[in-house]
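Structural overview
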Amino acid sequence: MKAKLAAITTLLLLALVGASAAAQKSSADEARTVAEVLGFEWKYQGYASAETVRDETDTLSMKSKRGVVYVFRYTAKVNLKNLAAKTIKAVEWNYVFVDPESSKELKRYKFLSKQQIPPNESQTLVKDIFFSLKENTRHLNIGKQKILLARIEYMDGSTWRP
């Protein structure tokens, strides 16, 4: 009786694991039928100047002081192909840096690109990122990079989410 119960329990566990794997695979397959990431790049572009406004308000006056600071400029790019039968209107995408040893997420950058991509065509989506000179950028050197599509909006008003 115990042997039969153990066998049934094992079969149920295998069925659950198989169903979970199939669900994950179908989600990944669905993403490939909607759009395909053909390539991506994170590139250092040098220094840039940025205007800042500091509030110097006190009890008697309301003053602000303008200034210029220098920042590091990077560019994030993803080349995306529209595999759907309808035109893409906008794409929410994440540029993720992951620790290669522990697979722990180090940093995620979320972008929204409002750019039309007709069916069966590809476009490069580009976003600029600025870091202060004091900001920690360790994840850029050690992290493994990947792109995750978060949402696609079509011209007909419909949307896709993973």
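Criteria and thresholds
In this numbering scheme, every chain counts its residues from 1 along its sequence in written order. The predicted nature of this model means local features are confined to residues of pLDDT at least 70 and side-chain atom pairs, given and counted, to a pLDDT of 80 or more, with totals for whole chains, interfaces and linings taken over all residues. Where side-chain values are given, they derive from all heavy atoms of the structure, hydrogens and water being excluded. Nonpolar cores are built from buried Ala, Val, Leu, Ile, Met, Phe, Trp, Tyr and Cys residues. Side-chain atoms within 4.5 Å join them into one set. In this scheme, a residue with accessible area under 20% of its type's maximum is buried, one over 50% is exposed, and one in between is partly exposed, where area comes from a 1.4 Å probe on protein chains only. Numbered from the N terminus, helices here are DSSP runs of H or I no shorter than four residues, and strands are runs of E no shorter than two. Stacked, tilted and edge-to-face pairs are distinguished by plane angle, under 30 degrees for stacked and over 60 for edge-to-face with tilted covering the rest, among Phe, Tyr and Trp rings (Trp via its six-membered ring) whose centres lie within 6.5 Å. DSSP-based pairing: two strands are paired if at least 2 bridges between them are found. Think of each axis as a best-fit line through the C-alpha atoms, taken over the contacting stretch in the case of a helix, with angles from 0 to 180 degrees between the N-to-C directions.

**Here we look at the nonpolar core**
Core analysis: the biggest nonpolar cluster contains 25 residues, and Trp42, Trp93, Tyr95 and Ile152 have the highest contact counts within it. Of all the secondary-structure elements, those providing two or more residues to this core are strand S1 (35–55), strand S2 (64–82), strand S3 (88–98), strand S4 (105–113), strand S5 (122–132) and strand S6 (144–154). Counting residues per element, this core draws most heavily on S3, which supplies 5 residues.

**Describing unusual backbone geometry**
For Ser103, which is not glycine, the phi dihedral falls at a positive 60 degrees. Relative to the elements of secondary structure, Ser103 occurs in the loop between S3 and S4. At Asn120, a residue that is not glycine, the phi angle is positive and equals roughly 60 degrees. With respect to the helices and strands, the residue Asn120 is situated in the loop between S4 and S5.

**Details of the packing of aromatic side chains**
One pass over the full model with this rule turns up 13 aromatic pairs. Between Tyr109 and Phe131, the ring centres sit 6.1 Å apart and the planes meet at 70 degrees, which makes this aromatic pair edge-to-face. Here Tyr109 is found in strand S4, whereas its partner Phe131 is found in strand S5, with 22 residues between them in sequence. The exposure class of Phe131 is buried, given its relative accessible area of 1%.

**Some points on the pairing of S3**
With 9 of its 11 residues buried, S3 lies for the most part within the structure. Here S3 pairs with S6 via 10 bridges, running antiparallel. Within the sheet, the bridge partner assigned to Ile88 lies in S6 and is Tyr154. Looking at chain direction, S3 and S4 are connected through 8 bridges and run antiparallel. Bridge pairing links Phe97 to Lys107 in S4.

**Considerations on the sheet that holds S1**
In space, the 3 strands of this open sheet follow the order S1-S2-S5, with antiparallel pairing throughout. Single-partner strands in this sheet number two, and they are S1 and S5. Taking each pair of neighbouring strands and ignoring which way they run, the sheet shows an average axis angle of 20 degrees.

So, to be careful, I would describe these as geometric facts and stop short of saying anything about function.
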